[in-house]
Amino acid sequence: MAGNEWINGYLEAILDSGASAIEEQKPVPVNLRERGHFNPTKYFVEEVVTGVDESDLHRTWIKVVATRNTRERSSRLENMCWRIWHLARKKKQLEWEQLQRLANRRLEREQGRRDATEDMSEDLSEGEKGDALGEMIQCDTPRKQFQRSISNVEVWSDDKKEKKLYVVLISLHGLVRGENMELGRDSDTGGQIKYVVELSRALARMPGVYRVDLFTRQVSSPEVDWSYGEPTEMLTAGPEDDGVDVGESSGAYIIRIPFGPRDKYLSKELLWPYIQEFVDGALAHILNMSKVLGEQIGGGQPIWPYVIHGHYADAGDSAALLSGALNVPMVLTGHSLGRNKLEQLLKQGRQSKEDINSMYRIMRRIEAEELSLDAAELVITSTKQEIEEQWGLYDGFDVKLEKVLRARARRGVNCHGRYMPRMVVIPPGMDFSSVVVQEDTPEADGELTQLIGGSDGMSSPKGLPAIWAEVFRFFTNPHKPMILALSRPDPKKNITTLLKAFGECRPLRELANLTLIMGNRDDIDEMSTGNASVLTTVLKLIDKYDLYGQVSFPKHHKQSDVPEIYRLAAKTKGVFINPALVEPFGLTLIEASAHGLPMVATKNGGPVDIHQALNNGLLVDPHDQQAIADALLKLLSEKNLWLECRKNGWKNIHLFSWPEHCRTYLTRIAACRMRHPQWQTDTPGDEMAADESLNDSLKDVQDMSLRLSVDGEKSSLNGSLDVASTGGDPELQDQVKRVLSKMKKPESTRTDNNSGNKAADNVPGKYPLLRRRRKLIVIALDCYDSNGMPDKKMFQIVQEIIKAVRLDSQIARISGFALSTAMPVSETLEFLKAGKIQVTEFDALICSSGSEVYYPSTYTAEDGKLFPDPDYASHIDYRWGCEGLKTTICKLLNAPEDKGKSNQSSSPIEEDSKSSNAHCVSYLVKDTKKAKKVDDLRQKLRMRGLRCHPMYCRSSTRMQVIPLLASRAQALRYLFVRWRLNVANMYVFLGESGDTDYEEMISGNHKTIIMKGMVTKGSEELLRTPGSYLKEDIVPPESPLITYLSGEATANEIANALRQVSKSGAGM
C-alpha cells in the first residue's frame, strides 16, 4: 500500500458518510475507532477478511499490483475500496433481514404451539390441563434424554426369520453402484452413496428381511460409466438359511429408474421437476415386484413393502408420494438439511435469499423436507444435535409440541388429528470386515520397519500397500507418529486451521508428522473455486511455516486405500483428527477408532455423541488453534492416555456396526403403525393377462368378491352390486343387504334403498371397467366462470375428446374415460346432465379435488345415486383430523387484523357445507385479497401439528382442505395400484392454468395434453408467497410427454395429438 496513504483517509470518509445508513439497519458491531483514531487494519480484518468473499477482491488486487500506470492503479484502488464498503453494507442489511425473519418465525411458532395446546385442552380435566401445561414448561428446562427408551419394545432378533420382509430404500442423486464407487467425483457422489449401499447390503443379511431394493436414477450418458445405465444390479444374495433355498428374488438390489433427460447426468438441484416421473416408474416396479414376491413367498397374495425409506430431500419427497400411493409406512433420513444450509449461507452475508434459492433451489428442497415430515412415521438422525438444532427449524417439527402429543397419545387422549413424526437417533453403521485389530507387540511393527528401512521410502516392498509408500515419500523422518486428517478440501472442514496449529507449535512439529488426505486431484486450477482455494492455502501455509518433509498430501488414493491409511497411522501410534467447523455425524471418526486410532474432534455436532459412546479421545473448539495443538500434543505425548483411548475405542466400536444399526433400525420400524393396501382378490380373474380376449374378460363370474379388511366394518366395493345376480336366493339377498347397511357413505350419497342397482346394459360385470382398460383418458380441465360454475365451453370439449377416442374402434375398446374435478359429485352430475353427457361414459369420477372416487358404471344405487369407493376412503384417512382442522382454519382465516374489531365482517371465507364431505372441508372465498396463500396456510397448519392438503379451486372461488394422501394426482396412482391401470397409459387433458394443484397434474409418466385458451382464470395467484419455490421446480421445462393443443380443436385434431404424444413417450 506504499504510495497510497490517501486510502486511510478515503476509507474513513466513506465510512463516516455511510455509517448512519448502516446503523439504521443494524448497529456496527466493530469499534472502528480506537482512542479517537481510525484503525484501517482492523476495518479490513473485520469487514473483508472475516466477512466478505474475498475471491473477487483478490483477483482485483492482483490486477492492481500488475498495473504500472499510477493513475490507473489509483483508480482501481478507489473502485476496490467502494466495492469493499458496498459488500460490508450489503452484509449488514442481510444480517438484519435474517434477524427479522427469525424473530417473526419464533413468534409464529410460539403462537402455533399455544393454539394447538388450547384446542386440545378441551378434552382434559382440570388436573390433566395442569399436566399438559407442566409438560410445556418442562420442555424449556435443560434437556435430559431425548431419545425414547426402547426397553418396552421388542428388540429385533434371529427368531424373526419367518417375516420375509420387502424393504425399499431411495437415494436419487449422484452415481450409485455397488463396487468401485466414485466417491468424491462430485458433490453429489459422497458419503451418502456409500451409506445407502452398505445399509442395503446389511439389511438384506438381517433375519426376516427377504429383499431390499435401493432405487436411484438410471443415467445412460457418455459423461459417466456404462454401469450407471444398467437397470438392475445385485448387491448381495439373500442370507443362507441352513441350506434352504431362499428364493431367486431375495437379496439386495440397486434398481435404476429412468427419469428426466435420458442422456444427461444432472446435479441434484436440477432433478426436482422430474420427481413425479420417478415416482410413477418406481411405483410400476414395486407393483410388479410385489406380485412376483407374492408368488414366491406370499401364497399368491402381494407382498407389499414393509417400509419405504427416503434418503435426502429429493428421495424424501418421492418416498412421501410412494407411501401415499401404496399406503405403507415411510421413514426419512435427511443426511443434510436445507433450512440449516440456508441459515448458514445467510449468516455469511455473501448472498441474498433470492440468490441462494436461484443457485441451490433451496426453497424447493425445504418444501420437500416439510412434505417428508408430513408423511413420515419415523425420522432417523445420526445425533441429538440434528434433532434439536436442525429439524427444530422446520414448520413440521416442534420438540415441545411433539412431547405434548406423545404424552396425550400415551394417556389415550384425542389429539384432534395433530401429529408430529417420531425422531430417533441411530448412528450410521460401518463395515468392519476390512479391519484387522493389531495388538501392541514387537512383531506388529515389522511391516513398518520393512517399509521405512527396506525401500528408502521410494517404493512399496512386495506385499505392502502402495499407498504407504505414497504417503511416506513426503517425510524426512517417517518414524515419527502420524497425525491423520481425511476429508474433502472444503472450507467447512477447517483443514487450514489444523495446518496453522501444527505449523505454529514447535513441540508438535518435532514430535509428529501430518498427513492430509484431501480427495483426488489432477490440476488445482480445474477444481471448484472453494476446493482450489483450500488447496492453494494449504500449499502456501506449508511454505510459510517451512513444513517440507513434515506434511504429506498425496494427490490420489482409491477407496480401497482408506483402511490401509488408517492402519498405517495406527502403526505409527498416531492420532486421527476431524477439525470441521460443524460435523453432522463423523463417520471417519468411527472408521479411525475401529483401526485403533485415538481421535481429536470438533465439539460441534455428531462427534459429541461418538465421544460419549467410545470415550477414545478429546473434543476441541475448531476455531481455537491453540486448543487443537494442545489436544494433539497431549494424546501423542502421554502414551498411557493414548493406549487407554485406543482400547476404549475397540471395546465400544460394536455399537456402530451394521448389524447393530440394522437391529435398532428394524426394531424402531416394527414399533410404527403398520399399513398396507387393504383389499385382496379371491380369484385369478381379478388379475387379467394382457392378451386375454375381451369376450372372455366380459364373463360375469358370480363368486368374484373383493373384501375390505379395515376394521372389519366396511363392505367391499362389490357389496353394492347387482342383487339380481344372486339368482333370487333370499338368504344371499339378505346377506348382501346386511353388508350394504354397514357401508359408511357420505350424506350426499346415502340411500334408504339397499336393494342394489340394475346395471347398465353395456356393463357386463361386477367390477369397474377400469380393471379391463389399457388406456385411460383423464379430463381435468379447470374451466369455470367467475362464480366458480363450470363454463359452457366445457360441454363441447368433453364431447370432442370422447368422439376423438372413438374414431378408432380398436383404441375405443381398450380405452376408458375419467373426469377429475374440484366439484362435488352432485354438481358434477348436474354438469354432465346439463351437457347431455351420460355419466356412464366415464369409468371413474374423481371429485372434490381428489377426496372421493366414484365408478358410475358399476357402483350405483337403484335411484341412480353413486357410492364412493370405500377402499379409497380408508386409503386417504391417514392423519385426517377433520374437526381439528375446521376449528384451526376458522381461527386462522377469520382472525381480524385489528384485534379490537369483530371478525365476522372481515372473514374472507365461509364454510360451504354443500360441497363438503367426510374427507373434504370446503369454503366459499368471499375476498381473495384477504385469503391466505396456500404456502402460508400450510405453514401455519404444520406448526399446529395438522397434516393436510389445502388448495384453492374453481377460479379462486372455493378453498378446499383434503387429507394429506389425497389429491387428483395421487388418485390416478391409486387407480394404478387398485386396478393395475399403469399411469404411463393415462392421457391427462389440462388447461394452461387451473386450481392450485394444477402443477402436480402436469409432470409424471402420464401423457399430458395442454389445451390453450380453455381456462380463462385459474387459482395460481393464491398458491405461493414471495420467496417460495417456483413453478419451474415442479414442472419440467421440456418433455416429450407434454404436448399442446388449441382449446377449439376438433375430434380429429385431438386424435392426432393423442397419437403424437403416445409416439413421443414411446421413444423415451
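Residues numbered from 1 in each chain as written. Predicted model: local features only at pLDDT ≥ 70, side-chain atom pairs only at ≥ 80, totals over all residues. Heavy atoms only, no water.

Considerations on the overall build of the protein
For clarity, the threshold we go by: Starting at the N terminus, helices and strands are each numbered in turn, a helix being any DSSP run of H or I of at least four residues and a strand any DSSP run of E of at least two. Only protein chains enter the accessibility calculation, which uses a 1.4 Å probe; a residue is then buried when its area is under 20% of its type maximum, exposed when over 50%, and partly exposed in between. Note on definitions: a residue-residue contact is assigned when non-hydrogen atoms from the two residues lie within 4.5 Å. For accessible areas, the Shrake-Rupley method is used with a probe of radius 1.4 Å. Any residue's cover is judged against the shown protein chains and nothing else.
Helices and strands together make up the secondary structure of the protein, namely 35 helices and 29 strands. Burial statistics for the protein: of 1068 residues in total, 57% are counted as buried. In the protein, the proportion of contacts linking residues at least 24 apart, taken out of those at least 6 apart, comes to 72%. Carbon and sulfur atoms make up 49% of the accessible area of the protein, which amounts to about 45900 Å² in all.

Topic: the pairing of strand 25 (residues 948–953)
Along any regular strand, the residues point their side chains to alternate faces of the sheet. Threshold: We treat two strands as partners when DSSP finds at least two bridges between them.
For strand 25, a buried count of six out of six residues is recorded, marking the element as mostly surrounded by other parts of the structure. The sheet contact formed by strand 25 and strand 26 (residues 958–963) spans six bridges and is antiparallel. Residue pairing in the sheet places Met951 in a bridge with Gln960 of strand 26. Count of turn residues in the strand 25/strand 26 antiparallel hairpin: four residues, of which Arg954 carries a positive phi of about 55°.

So, unusual backbone geometry
A positive phi angle is found at Lys836, which is not glycine, with a value near 55°. Phi at Ser956 is positive, roughly 65°, even though this residue is not glycine. When you line up the elements, Ser956 lands in the loop between strand 25 and strand 26. Ser956 sits in the buried class, given a relative accessible area of 1%.

Things to note about the side chain of Arg256
Just so we agree on the cut-off: Pairing of N or O atoms within 3.5 Å defines a polar contact, subject to two protein rules: one partner must be a possible hydrogen donor and the other a possible acceptor, and residues neighboring in sequence count only if both atoms are side-chain atoms.
You can see Arg256 is positioned in strand 6 (residues 251–257). For Arg256, a relative accessible area of 3% puts it in the buried group. Engagement of the side chain of Arg256 in a polar contact is seen with the backbone oxygen of Val176, the distance being 2.9 Å. Within polar-contact distance, the side chain of Arg256 engages the side chain of Glu233 at 2.6 Å. Setting aside residues up to four positions removed in sequence, Arg256 forms contacts with Val176, Arg177, Thr216, Arg217, Gln218, Ser227, Tyr228, Glu230, Pro231, Thr232 and Glu233.

Digging into the packing of aromatic side chains
Where we set the bar: Classification of ring pairs rests on two measures: the distance between centres of Phe, Tyr or Trp rings, Trp counted by its six-membered ring, which must be within 6.5 Å, and the angle between planes, read as stacked under 30 degrees, edge-to-face over 60 and tilted in between. In this analysis the charged atom, NZ for Lys or CZ for Arg, is taken to sit over a ring once it is within 6 Å of the ring centre and within 35 degrees of the ring normal.
Going through the model one piece at a time under the given rule, you end up with ten aromatic pairs. Here the aromatic rings of Trp391 and Tyr394 are separated by 5.1 Å at their centres, their planes lie at 50°, and the arrangement is tilted. In terms of burial, Trp391 and Tyr394 fall into one category: buried. On the numbers, 6.1 Å between centres and 65° between planes, the contact of Phe472 with Phe475 is edge-to-face. Residue class for Phe472 comes out buried when judged on its relative accessible area of 4%. Note that Arg211 overlies the ring of Tyr253, its terminal NZ or CZ placed 4.1 Å from the centroid. Positioned above the aromatic ring of Phe259, the side-chain terminus of Arg217 is 5.7 Å from the ring centre.

A short note on the sheet that holds strand 9 (residues 378–381)
The following threshold applies: Axis definition: a line fit to C-alpha positions, over the contact stretch in the case of helices; interaxial angles, taken between N-to-C directions, run 0 to 180 degrees.
Reading across the sheet, the eight strands line up as 5-6-4-3-7-8-9-10 and stay open at both edges, with mixed pairing between neighbours. Of all the strands in the sheet, just strand 5 (232–236) and strand 10 (422–425) have a single pairing partner and so form its edges. Pairwise comparison of adjacent strand axes, ignoring direction, gives a mean angle of 25° for this sheet. Relative to strand 4 (residues 209–217), strand 3 (residues 165–170) runs parallel, the two sharing six bridges. In the sheet register, Tyr166 faces strand 4, and the bridge partner there is Arg211. Against the sheet, helix 8 (residues 312–326) makes contact with strand 3, strand 7 (307–311) and strand 8 (330–333), and its axis sits at roughly 160° relative to strand 7, the strand it touches most.

Comments concerning helix 22 (residues 625–637)
We apply this condition: Multiplying 1.5 Å by the helix residue count minus one yields the expected span of that helix. By construction, the arc corresponds to the directions joining the helix axis to the C-beta atoms.
Compared with an ideal rise of 1.5 Å per residue, which puts 13 residues at 18 Å, helix 22 spans 18 Å between its outermost C-alpha atoms and is within 8% of the ideal. If you check which residues of helix 22 are buried, you get Ile628, Ala629, Ala631, Leu632, Leu635 and Leu636. Axial view of helix 22: buried residues confined to an arc of 165°, hence all on one face. Between the side-chain oxygen at the start of helix 22 and the backbone nitrogen of Gln626 there is a gap of 3.2 Å, and the oxygen is on Asp624.

Points about the nonpolar core
The condition is simple: The set of buried Ala, Val, Leu, Ile, Met, Phe, Trp, Tyr and Cys residues whose side-chain atoms join them within 4.5 Å is what this entry labels a nonpolar core.
One finds Ile170, Phe215, Phe278, Leu322, Leu326, Trp391 and Leu975 to be the most contacted residues of the largest nonpolar core, which totals 107 residues. If one sorts the elements of this core by residue count, helix 7 (residues 275–297) sits on top with ten residues. When neighbours within four sequence positions are excluded, Leu326 is seen to be in contact with Leu283, Ile286, Leu287, Trp304, Pro305, Ile308, His676, Pro677, His875 and Val977. Of all hydrophobic cores here, the second largest spans 41 residues; its members include Val805, Leu832, Phe989 and Met1014.

Comments concerning the pattern of salt bridges
We count it as follows: Definition used for salt bridges: Asp or Glu carboxyl oxygen within 4 Å of a side-chain nitrogen of Lys or Arg.
Here the structure, examined in full by the defined rule, presents 47 salt bridges. Between Glu841 and Arg806 there is a salt bridge, and its shortest N-O distance comes to 2.6 Å. Residue Glu841 is found in the loop between helix 29 (825–834) and strand 21 (844–847), and its partner Arg806 is found in the loop between helix 27 (793–805) and helix 28 (809–814); the two are separated by 35 residues along the sequence. Accessibility expressed as a relative area gives 22% for Glu841, which makes it partly exposed. One salt bridge in this structure joins Lys886 and Glu911, with 3.6 Å as the shortest N-O distance. Taken together, the residues Lys886 in helix 31 (residues 882–894) and Glu911 in strand 23 (residues 909–911) connect sequence positions 25 residues apart. Relative accessible area serves as the criterion here: at 26%, Lys886 is assigned to the partly exposed category.

Comments concerning the packing of helix 6 (residues 191–204) against helix 24 (residues 658–670)
Put simply, the rule reads: For classification, angles of less than 35 degrees are called roughly parallel, those exceeding 145 degrees roughly antiparallel, those between 65 and 115 degrees roughly perpendicular, and all remaining angles oblique. Residues are grouped as follows: Ala, Val, Leu, Ile, Met, Phe, Trp, Tyr, Cys and Pro are nonpolar; Asp, Glu, Lys and Arg are charged; every other residue, Gly included, is polar.
Helix 24 packs onto helix 6 with a crossing angle of 75° between their chain directions and a minimal axis gap of 10 Å. On the basis of the axis angle, helix 6 is roughly perpendicular to helix 24. Here helix 6 contributes Tyr195, Glu198, Leu199, Ala202 and Leu203 to the contact with helix 24, which in turn contributes Trp658, His661, Cys662, Tyr665 and Leu666. A breakdown of the residues in the contact of helix 6 with helix 24 according to their chemical character gives eight nonpolar, one polar and one charged.

A look at the sheet that holds strand 14 (residues 575–578)
Spatially, 13-12-11-14-15-16 is the arrangement adopted by the six strands of the open sheet, whose pairing is parallel. With partners counted over all chains shown, the strands left at the sheet margins are strand 13 (551–552) and strand 16 (617–620), one partner each. For strand 15 (residues 599–602) and strand 16, the ladder comprises four bridges, and the chain directions are parallel. Paired with Thr602 across the strands is Val620, a residue of strand 16. The strands that helix 20 (residues 587–594) touches are strand 11 (482–486), strand 14 and strand 15; relative to strand 14, the one it contacts most, it runs at about 175°. Across the face of the sheet, helix 22 comes into contact with strand 11, strand 14, strand 15 and strand 16 while running at roughly 175° to strand 16.

Quick word on the confidence of the model for the protein
Selection rule: Scored between 0 and 100, pLDDT is the confidence that the predictor attaches to each residue.
Averaged over all residues, the pLDDT of the protein equals 80, while 76% of them reach at least 70. At the level of individual helices and strands, the protein shows its lowest average pLDDT in strand 18 (residues 706–708), which scores 31, and its highest in strand 7, which scores 97. Here residues 40–54 is a poorly scored stretch, pLDDT under 50, and it has 34 contacts once near neighbours within four places are set aside; other chains count. Every residue in residues 132–151 scores below 50 in pLDDT, and together they form 24 contacts with partners more than four places removed in sequence or on other chains.

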